[in-house]
Amino acid sequence: MARARLNSGNTQSDDLPKPKLNKDLLKKSLRIFSYLKPYRTKFIIGMVCLVLSSLSMLTFPALLGAMIDAAQGRQTYEWLSPNVITIGSISLYILLFQSIVSFGRIRLFVEIAEKTLANIRKETYYKLITLPIEFFANRRVGELNSRISSDLAQIQDTLTSTLAEVLRQTISLAFGIVLLVFVSPKLALMNLCILPVIIVTAMIFGRFIRRLSKQAQDELADSNSIVQETLLGISNVKAFVNEYHEATRYSNKLDAVVRIAVKGATYRGFFASFIIFCIFGAVIVVIWYGAMLVARGEISVGDLTTYILYSMFVAGSMGSLPELYANIQRSVGASERVLDLLEEENEAIVISEDNNTITNTIQGNLNFENVSFSYPSRPDIITLKNISFNVRAGEKVALVGPSGTGKSTIASLILQFYNPTSGSITYDGKPNTAYSLTDIRNQVAIVPQDVLLFGGTIRENIGYGRLNSDAEDIIEAAKRANAHDFIMSFPQGYDTLVGERGVKLSGGQRQRIAIARALLKDPAILILDEATSSLDSESERLVQLALEELMKNRTSIIIAHRLSTIKDADQIIVIENGEVSDIGNHVELMAKNNGLYQHLYALQSAQKTTTET
Ligand SMILES: Nc1ncnc2c1ncn2[C@@H]1O[C@H](COP(=O)(O)OP(=O)(O)OP(=O)(O)O)[C@@H](O)[C@H]1O
Ligand SMILES: [Mg+2]
């Protein structure tokens, strides 16, 4: 079983690497701010509120100190009357003002962040779904999902609070230090001697502990991925009786988690005691020394109070800086990843509501001329070599050949998911460039090998073929696809939920839904990629009938595994190792001795007779 971590969208941004901040990276990620532009007035008002609230906070220690002095009949500031009531009411007014601007800033920042983020999210999603298929070949869905969930959540966090917090703490730190020196230079000098020692120790220690807890997190994530993998593949675990093996694997992982967590807790305990010791030690020293200064009459009790309050501000700001820095680092990383995605080049399709409007009609003539192709993700392997064939409108053509020879790849090329490496594909004699991508895809429908149903109702799933179709069209399509009866056998009929949370449809039922979907689309060119897993004879017959209905009056390209279904095809194209090895109808190909088709056909009829007897 693959041991790769399955992160289906629940990647914590903590797990993602934090980039080293440098000028280029910062400059790049600052571009995310361009999304703030529509809200710049609100942003500026928010910033003003923020500055005002931080500054008004800084007046409290001075006012409270002055109040204490006033109680003892001293006047701290010449411009402030030494009256407890006056100072008290001024404080209350400032507090009220502070509350109002704080409310304003929080309200504004959250609104701006939510709106901005919704815009970035929409743009990212739009980008994702308009990217060419080859983009998805190299990425895991979980990874892309985490771009939309955790990376953007990280950016949101920054816009809502981190930015404001950085500004607030910087103001409080800078002004706080100046005010400390102003209130008592002697105390400030002494403080400045102890503070750096504490900060440096705390930083070194903190980094060490963070590393440990990261390790513990990684181990925990690994153990979670065991749970995820095994639950997703529970039938495999049971079928191979590997319950014991998996339980042991999980239990070993958890033991490792506990070991690291306990080790981390030991250091964390040390760290916490150390910090508490330092902080209270510093407080004791400051008050002690301050009390001496008061005793000597060098400062007043009010000044000491003011000083202590300011030093709390400063210490709080300093303490919050490392976390804020880490947050910004994470956001820069997240912005970079999101911006990279937004810069990818998307497919040249016009996405609009009336995406079913066809400007350039295709009759259904299809021609492959010396088409060679390699998947962009594996450029060294030539998947298709000089494929040439010609299909006239309305013809029924079958592609046969062993597994992995490139039949589904031909289907992808017809749908313009990829461009041929060389050679040309023409529709009605005109090259693909003569049509818009939307025109081609609107007139080519595929019933794929493995039908994916979306987690909605059956009606929605059929309606996916043509979004503006009404209820009757959908029922009509389902009837023609032989799906109506089984749909009506569900209590909720067409409103039955399917997909992950709804009923599980059988392979044949899903195929008939896909056929109904294709019928609704009414394409000029139809591609049937027959499922390899064979259906039982009854559903096979139903699917077969549905298919015949679908193939009427249009070019049909059938990728067939059951050769019995293609006997009446106008052409049968035999593909071997990415090359056309034979073309002809059933009779012609059967007449060729030692041909691959004849061989495959003989094999299948032999199988059929053995299973039937
Ligand atoms: N997205 C992809 N990226 C890279 N290689 C691919 C991709 N899809 C298919 N291939 C490779 O291209 C080759 C042809 O695959 P294709 O799916 O066309 O085979 P097929 O003829 O449809 O087989 P089957 O009958 O089993 O459906 C295979 O070797 C496969 O591994
Ligand atoms: Mg295939």
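Calculation criteria
Residues numbered from 1 in each chain as written. Chains lettered and ligands numbered in written order. Predicted model: local features only at pLDDT ≥ 70, side-chain atom pairs only at ≥ 80, totals over all residues. Helix = DSSP H or I, 4+ residues; strand = E, 2+ residues; numbered from the N terminus. Rg over C-alpha atoms; globule rule 2.2 N^0.38 Å. Buried ≥ 20, exposed ≤ 12 C-beta atoms within 10 Å, placed from the backbone. Contact = placed C-beta atoms within 7 Å. Axes fitted to C-alpha atoms, helices over the stretch in contact; angles between N-to-C directions. Parallel < 35°, antiparallel > 145°, perpendicular 65-115°, else oblique. Left-handed = near helix turned anticlockwise from the far one by under 90°. Nonpolar A, V, L, I, M, F, W, Y, C, P; charged D, E, K, R; others polar. Pairing = 2+ DSSP bridges. Near = placed C-beta within 6 Å. Domains from an automatic or database assignment.

Caption draft 1: Here's a closer look at the overall build of the protein. Within the protein, the regular secondary structure consists of 19 helices and 10 strands. Taking 25 Å as the expected radius of gyration for a compact globule of 613 residues, we find that the protein reaches 36 Å, considerably beyond that expectation. For the C-alpha atoms alone, the extent of the protein along its principal axes is close to 120 × 55 × 50 Å. Among the 613 residues that make up the protein, the fraction classed as buried is 29%. In the protein, the share of contacts with a sequence separation of at least 24, taken over all contacts with a separation of at least 6, comes to 80%.

Caption draft 2: Main features of the environment of Phe417. Positionally, Phe417 belongs in the loop between helix H11 (407-414) and strand S4 (422-427). On the basis of neighbour count, Phe417 is assigned to the partly exposed category, with 14 C-beta atoms found within 10 Å. Between the C-alpha atoms of Phe417 and Arg441, which are 24 residues apart in sequence, the distance is 9.4 Å. Those residues in contact with Phe417, other than ones at most four positions away along the chain, are Ile133 and Ser412.

Caption draft 3: Structural view of unusual backbone geometry. At Val241, a residue that is not glycine, the phi angle is positive and equals roughly 45 degrees. Tracing the sequence through the fold places Val241 in the loop between helix H8 (234-239) and helix H9 (243-295). Phi at Asn577 takes a positive value of approximately 50 degrees, unusual for a residue other than glycine. Along the chain, the position of Asn577 falls in the loop between strand S9 (571-576) and strand S10 (579-584).

Caption draft 4: Representation of the packing of helix H6 (residues 141-183) against helix H10 (residues 301-343) within the structure. Direction vectors running N to C along H6 and H10 enclose 150 degrees, while the axes themselves pass 6 Å from each other. In terms of axis orientation, H6 runs roughly antiparallel to H10. H6 and H10 meet at a crossing whose hand is left-handed. Taken together, the residues that form the contact of H6 with H10 break down as 19 nonpolar, 13 polar and 6 charged.

Caption draft 5: Highlighting the sheet that holds strand S5 (residues 430-431). Strand order in the open sheet formed by 4 strands is S2-S1-S4-S5, with antiparallel pairing between adjacent strands. Each edge of the sheet is formed by a strand with only one pairing partner; in this case those strands are strand S2 (384-391) and S5. Strand direction decides the pairing type here: strand S1 (residues 366-373) and S2, joined by 5 bridges, are antiparallel. Counterpart to Asn367 in the pairing with S2 is Asn390.

Caption draft 6: Examining the site of ligand 1 more closely. In the vicinity of ligand 1 lie 14 residues, with Tyr375, Ser403, Lys407, Ser408 and Thr409 positioned nearest. In terms of residues, the shell around ligand 1 owes the most to one element, H11, which gives 3 residues. Looking at the shell around ligand 1, its residues break down into 2 nonpolar, 10 polar and 2 charged.

Caption draft 7: Representation of the domain arrangement of the protein in the model. Splitting the protein by domain gives domain 1 (20-343) and domain 2 (366-612). Distance between the C-alpha centres of domain 1 and domain 2: 56 Å. In the side of domain 1 that touches domain 2, the residues fall into 2 nonpolar, 1 polar and 1 charged.

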